[in-house]
Number of protein chains: 2
Amino acid sequence: MQYGYFDDARREYVITRPDTPKSWINYLGSRLYGGIITQNAGGYSFFRSGGMGRILRMRFNGVPLDQPGRYLYLRDDASGDYWSASWQPVGKSLETYRSTVRHGLGYSIFESEYAQIRSEFICFIPRGQAFEYWALTVTNTSSTPRQISVFSYAELANEWHFRQDLENLQYSQYIVQATFHDGMIHRRNNTNPGQNELYFGLAGAEIVSYDADRDTFLGNYRTQSNPIAVEQGRCANSSTLGDNSCASLHTVLNLVPGASHQVIFVLGIGSPTQSWHGLPSGKSILAEYATPDRLNHELSLIQNEWREHLDTLQVKTPDSDLNSMINVWHAYQTHMTFNWSRGVSLVEAGDRDGLGYRDTVQDMLAVTHSIPTPVEERLDLILTGQTSEGGGMPLVKPLSHRPGHEKAPDIEQYRSDDTLWLPITVSNFVFETGNLAYLDKVLPYADKNKATVFGHLKQALQFSIDHKGKNGLIQGLAADWNDCVKFGTTGESLFTTFLFYKGCVLVAELARLKGFESDAAWCETQAQTVKASIDAAGWDGEWFVRGISATGGKLGSKSNHEGKIYLESNVWAAISGAASREQARQCMDAVHEHLASEHGVALCEPPHTEPIPGVGLSLLVYPPSHKENGGIFCHSNSWAIVAECVLGRGDRAYEYYRSYLPARYNAQAEIHQAEPYVYCQFTYGKHTPRFGESRNPWLTGTASWTYVAVTQYLLGLQPALTGLKVNPCIPAAWDGFEVRRRFRGKWINLKVENPTHVQGGVKQIILNGNPIQGNIIPADQLLDENVAQVILG
Amino acid sequence: MQYGYFDDARREYVITRPDTPKSWINYLGSRLYGGIITQNAGGYSFFRSGGMGRILRMRFNGVPLDQPGRYLYLRDDASGDYWSASWQPVGKSLETYRSTVRHGLGYSIFESEYAQIRSEFICFIPRGQAFEYWALTVTNTSSTPRQISVFSYAELANEWHFRQDLENLQYSQYIVQATFHDGMIHRRNNTNPGQNELYFGLAGAEIVSYDADRDTFLGNYRTQSNPIAVEQGRCANSSTLGDNSCASLHTVLNLVPGASHQVIFVLGIGSPTQSWHGLPSGKSILAEYATPDRLNHELSLIQNEWREHLDTLQVKTPDSDLNSMINVWHAYQTHMTFNWSRGVSLVEAGDRDGLGYRDTVQDMLAVTHSIPTPVEERLDLILTGQTSEGGGMPLVKPLSHRPGHEKAPDIEQYRSDDTLWLPITVSNFVFETGNLAYLDKVLPYADKNKATVFGHLKQALQFSIDHKGKNGLIQGLAADWNDCVKFGTTGESLFTTFLFYKGCVLVAELARLKGFESDAAWCETQAQTVKASIDAAGWDGEWFVRGISATGGKLGSKSNHEGKIYLESNVWAAISGAASREQARQCMDAVHEHLASEHGVALCEPPHTEPIPGVGLSLLVYPPSHKENGGIFCHSNSWAIVAECVLGRGDRAYEYYRSYLPARYNAQAEIHQAEPYVYCQFTYGKHTPRFGESRNPWLTGTASWTYVAVTQYLLGLQPALTGLKVNPCIPAAWDGFEVRRRFRGKWINLKVENPTHVQGGVKQIILNGNPIQGNIIPADQLLDENVAQVILG
């Protein structure tokens, strides 16, 4: 079943059937003021923090699952019939109601046609502003004059903190004050001096009536599908003190045949009449911004901003799904994970307010080439979330983080992998930007003391060295990358151990580039030492074990009944280079045999149903093939692509890529269910009837690492200090592909040809007409615009 | 507007219009397995803990506000038309759908008639059992044969912990497993070995189809108002692994004209097929309990249990509202606060899982005569929540409390009043039961050491003595009774000071009865000492101040702009006896002048809009006349009744009683909005347009103290060590009243006559035909049944 299509020219996904299997959402705004919006205009918004700055309320896990939202009702005043500008919440029969939803980058447009009235509702948050536009154009397509009433409905959270609003009702139901004056609904409370006022106004038509009291607008025993005010054609002009507020403004449009009229609603934070904390008043926002011209201008600013972000890497391959994803939606998703971490979605209710350490370090990987300056800021921040011991704070809260003054976690609370992601991300940043001096920047640790960035990296390695187990491998601590597997302070994780090995290699490389020879030698010694331990204890005969418990029991061993083979240790054995080429090939073949499926690669096989002594397996709460219990955890699928590329096996890398590529399911939405333009956290695996259904879209490490897997490994464009390395690993069937990429402010137009249909191996590169040595396009030879012809073979 | 009536004979409140202004609820079950149910069958249930044992899910603050719930759908298979056994969730027009809801004690009955089909749906949790009955009788009142499909719908929480279920969706949406076998829906997860299985079965008809997957039953973009399964007349026989589960069983009834058929659904905790933790299997529950006879028997057990509880005090006064409340609903509410503390309602989402110290001590007061044994257990528990310093743990968690091993709060965290309620409650228990030896029982403190109950009482006084401020009054600490007023460790609370004085008097009295003369003298000295401090610093000229800040600023003083006069300090000045009679009269006159209104007595006047230096006023989050900010906080209204009775002013006491008596609003439900049979936490005060609307029904200290105010002060039946003291203080207009009361296992039939229309003062008591001296009916002269004639004058 197909519900929409990719409109790459407009950088939109167009939903032609609004009754999608799950809510298909889009993101709006910036980290100043952001929100999400579904294909039925459900969703919420917030100021600065999804958890602590809630503006529009959301009731999670509801039926329908995305209510309330940003609702505009239309009512034919002659007949009394009414509908909504998005299909839901009124939900007219789709036989009579035509709907097209355009999710664009930073905006969504809802086009509807019903009863010979056409409407176009556009919603977005202008660049750098703390308000949102809801603009509605109504057109009379009939041959008689029509009187159409328009009503807005915004259900405003009573409290800024999502949990206070949703749970602490004996308090939060009694704090709100909402009144109408100066042509706007004004909602305030006294809970937070920094953010206590909202306004909701309308321009382009006269306000005929209003409601600020939610239950007056809706009526008792009614829902957003049938508000009494809309049914009756008039609001009650209610205010509210206590209970729940809303913002409903009602206007009446008289349209002769063929006539159109646009009304513009704005919802913003701040006072209706006074500027506040540097933000303009609602009155001035209405006057300055709420005109059709300004709205179009602001929309074009957003579109331009995204074009600038995304133009930094555009591809043209034989795979149109890949193109749509990499050029638009996948790239957009990597920015969303960078912006919102794991804090804002229909699944993330608001509790994860802060930056998970490992999430954040990995999220930066995919956007470094696009927005290096914000990445550097974030990198600085997250480096100051490393403690002087070398491990990471599990959570860094940007709005309240105090480097040098945080309490370091107890050793049991550290995740063993958190700061081991830093060598990968920092070297990627240094190689992308060429800014080797970044390594000399001095930054504080979270708890005390400070060090250069290079010192931070070394300390990350030292933390692992300080926490080795009895086999000389790295302890798993509270968790490694897999939050549901706990080896504690005695058991060892092969995953972490391989990541540590990779870190040693990368830090050694940076040290050599800096001329820190003794540091480089130290790193290399550490790598050799741990490799010897891996050789002695890590190989299970056909693959690498996942970990070794304190009592010697193994996870991911064929001697087990369950969890015989795990994905994470084997892909990282190959990626890190710690495994021999033969071991890497053998273990990745075992992955293919035991873990791969038509919908992606499972985390382990068979899934667990019983405890394993000595290993904390909190994944036992999940049925087999769910989430971490042998589900297809998409983040780790990206590493399978990388590992196969490291092995030069492009066909298999591409097979893995296609198996979980959302766009591939565009015409099979009943299988994937989630948005076909977005990666999910996981897909139900083969041991459940839900096999193939995907869940937790948008905010997942899948976005960043799959982007890296495609662009740096499949297409093979890897930044290096001296230039852009080109090392594709593609399906043999491809004739080639093209990439336009920004690199250190210059533009490279890469044309890769695969005349002999190999899976990889660069035969020759011709840069601006001149053959170059090797496969690194030298940065110092780049013009502003460059053409690089790459011949594989 | 009137929505129902009191049916005192059946001990039911009968709702004749289901579209009440707010949800009007009832409580079901015991502390083993409990629940709430609204007049539209909305609500939830839980095992042992409202917060941590959630069974049926609730989405709080929704529209409509009480969904989901316990839903039974009826469908005319000939026409396809469908409705629900409760008005909502389908919500047919009330012009065609007739509904009568009978909230009884521990059960609710939903009678409906629609399309010539009558249904009666009864819901309750049998005594001592961990399952709930949903029994439906369908009657064909038409003259043609009818085929009626019946569908159940229970939306089962994914996780036991309410917050995990409602918020942590990236986890809780993937743990559930629900299947159909052995004639039952079986829902399980692996989250909590102590409580991981539920069953839902049906007896009395064949199961035709079923759904265990919520979204399959409802259908996408539908709600409980229009499930696709019901619309189509058949479930899809779905199971679920992950996402959300439900329990829907579908059966078909063929009814000839006039025929009735009963089907019985059961939802319980445990395995369908095996006994578990001492609870029977679902199979055996179905076999043993799911028959019409057994159901009727179990219902009669509940009714008998409540009759036994409530018969312990029954009244007959000229005020029929008072009679309905005291004889049935008000008494029932006091048991609900005793059972559920502040943890289970449509407002209390689940976070308050535990016993607030002061709430709990006060909640016992009203049920001591009815259920002395559970009260003694609770008293033991709460005494072990006192720390060795003498203060109270803010929260005592019965399921996990470890006396002797809890961490004592920091001094800043103590509430100054918590353990000062003990002297009142312990002496009430001793006087009710005559069990003076209870004072010798040795119980541990929360943190360390132990003492006799008498020792605990002394230590409560000592805690206050240890925390006096510079005026010699008692410090307010984190809060006194009013959680929104914080005087800290330096400022002093007059409220707490008067409560301390009252405590000294009561402990002295107990000491004298025990013969602890030096303790008695110590208490009396402490009382005199603090009284001198009150005389020196507490009087504001016309009333007592509320408190004195560290810097000398006063709350509740006429020198203020706001918060000039407060209720709490003045009522307790009178009640405690610390004020002179003249002061008491004068300050209570000031209360009447400044704080009293037609809907109750406000907490302060004028309400606050600005901070007061040195006093923590978290009430500033509330608009004026809301909650603690000058709202009518009903709990404290009960003290105004007591204070007036202490002064002998029965007319005014009764005026206060009537002003917030819920039953008084039975024909004015649009004003009170909440249930007319239940006290609320507060009523919006006169400075808001919502004046008179009442909020947060059921779980409030209002229940217990108002019951005490009516029974012990207005009607004047006060237990004493030697017998039952009779000291009514009634409106002069009353000719008298009658009470039947159990006292120490004997029954006293009291007939009070007021021939000269006084407000109080006992002229003579004739017990079983014999005049007695004084106004205490001597316990040692009681027969099994007694008649006491009391003449006022």
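Above this note sits the structure.
> Talk me through the sheet that holds strand S36 (residues 680–683) of chain B; I want residue IDs and the actual numbers.
Residue and element names in this part refer to chain B. Sheet architecture is open: three strands sit in the order S35-S36-S37, paired in antiparallel fashion. What marks the edges here is a single partner per strand, and that holds for strand S35 (632–633) and strand S37 (694–697). Relative to S36, S35 is paired through two bridges, and the arrangement is antiparallel. In the strand pairing of S36, phenylalanine 633 is matched with phenylalanine 682.

> Describe empty space enclosed by the protein, naming the residues involved and giving the relevant values.
Enumeration according to the criterion identifies 13 cavities of 30 Å³ or more in this entry. Empty space within the largest cavity amounts to approximately 350 Å³. For the largest cavity, the lining is made up of 23 residues, of which Gln173(A), Lys22(B), Leu65(B), Leu346(B) and Val347(B) are closest to its centre. Every element with two or more residues in the lining of the largest cavity is listed here: helix H3 (214–218) of chain A together with S37 of chain B. The biggest single contributor to the lining of the largest cavity is S37(B), with four residues. Among the residues forming the lining of the largest cavity, the class breakdown is nine nonpolar, eight polar and six charged.

> How would you sum up the relation of the copies chain A and chain B? Please name residues and give values.
Both copies of the chain are tied together by a single rotation about an axis and a shift running along it. Taken as rigid bodies, chain A and chain B are interconverted by a rotation of 180° and an axial shift of 0.0 Å, the fit giving an RMSD of 0.0 Å. Here the transformation between the copies is reduced to the relation of a two-fold axis. Proximity to the rotation axis, assessed at the C-alpha, singles out Arg59(A) in chain A; its C-alpha lies 3.8 Å from the axis. When the interface residues of chain A are mapped onto chain B, 100% of them are again interface residues, pointing to one common binding face.

> Residues and numbers for the interface of chain A and chain B, please.
With 66 residues of chain A at the interface, the matching set in chain B holds 66 residues. Summed over both partners, the interface of chain A with chain B comes to about 5,000 Å²; 48% of that surface belongs to carbon and sulfur atoms. Among the residues of chain A in contact with chain B, Asn61(A), Tyr174(A) and Tyr221(A) are the three that bury the most area, contributing 18% of the side total. Where chain A touches chain B, the interface holds 10 salt bridges. Close ionic contact of Asp213(B) with Arg690(A) constitutes a salt bridge, the shortest N to O distance being 3.0 Å. Summed over the shared surface of chain A and chain B, the number is 42 residue pairs in polar contact (both at pLDDT 80 or more). Among the secondary structure elements, those contributing two or more residues to the side of chain A that touches chain B are helix H1 (162–166), helix H2 (169–172), H3, strand S17 (240–241), strand S36 (680–683) and strand S37 (694–697) of chain A.

> Give me the pattern of salt bridges: which residues, what numbers.
Enumeration according to the criterion identifies 109 salt bridges over all chains in this entry. Close ionic contact of Arg222(A) with Glu231(A) constitutes a salt bridge, the shortest N to O distance being 2.8 Å. You can call Glu231(A) partly exposed: its relative accessible area is 36%. The closest approach of N and O atoms between Asp380(B) and Lys441(B), which form a salt bridge, is 2.6 Å. Taken together, the residues Asp380(B) in helix H9 (residues 372–383) and Lys441(B) in the loop between helix H10 (422–433) and strand S23 (442–444) connect sequence positions 61 residues apart. What makes Lys441(B) partly exposed here is its relative accessible area of 28%. Within this structure, Lys22(A), Arg690(A), Glu693(A), Arg695(A), Asp213(B) and Asp243(B) form a network of salt bridges that share partners.

Thresholds, definitions, all that
- Residues numbered from 1 in each chain as written.
- Chains lettered and ligands numbered in written order.
- Predicted model: local features only at pLDDT ≥ 70, side-chain atom pairs only at ≥ 80, totals over all residues.
- Heavy atoms only, no water.
- Pairing = 2+ DSSP bridges.
- Helix = DSSP H or I, 4+ residues; strand = E, 2+ residues; numbered from the N terminus.
- 1 Å grid on protein atoms, 1.4 Å probe; cavity = no way out; pocket = protein on both sides within 12 Å on 5 of 7 lines; lining within 4 Å.
- Points joined across faces, edges and corners; volume = space filled by probe spheres on them.
- Nonpolar A, V, L, I, M, F, W, Y, C, P; charged D, E, K, R; others polar.
- Least-squares fit on C-alpha atoms with pLDDT ≥ 70 in both.
- Contact = heavy atoms within 4.5 Å.
- Buried area = accessible area lost by both parts, 1.4 Å probe.
- Salt bridge = Lys/Arg side-chain N within 4 Å of Asp/Glu carboxyl O.
- Polar contact = N/O pair within 3.5 Å; in protein donor to acceptor, adjacent residues only side chain to side chain.
- Buried < 20%, exposed > 50% of the residue type's maximum accessible area, 1.4 Å probe, protein only.

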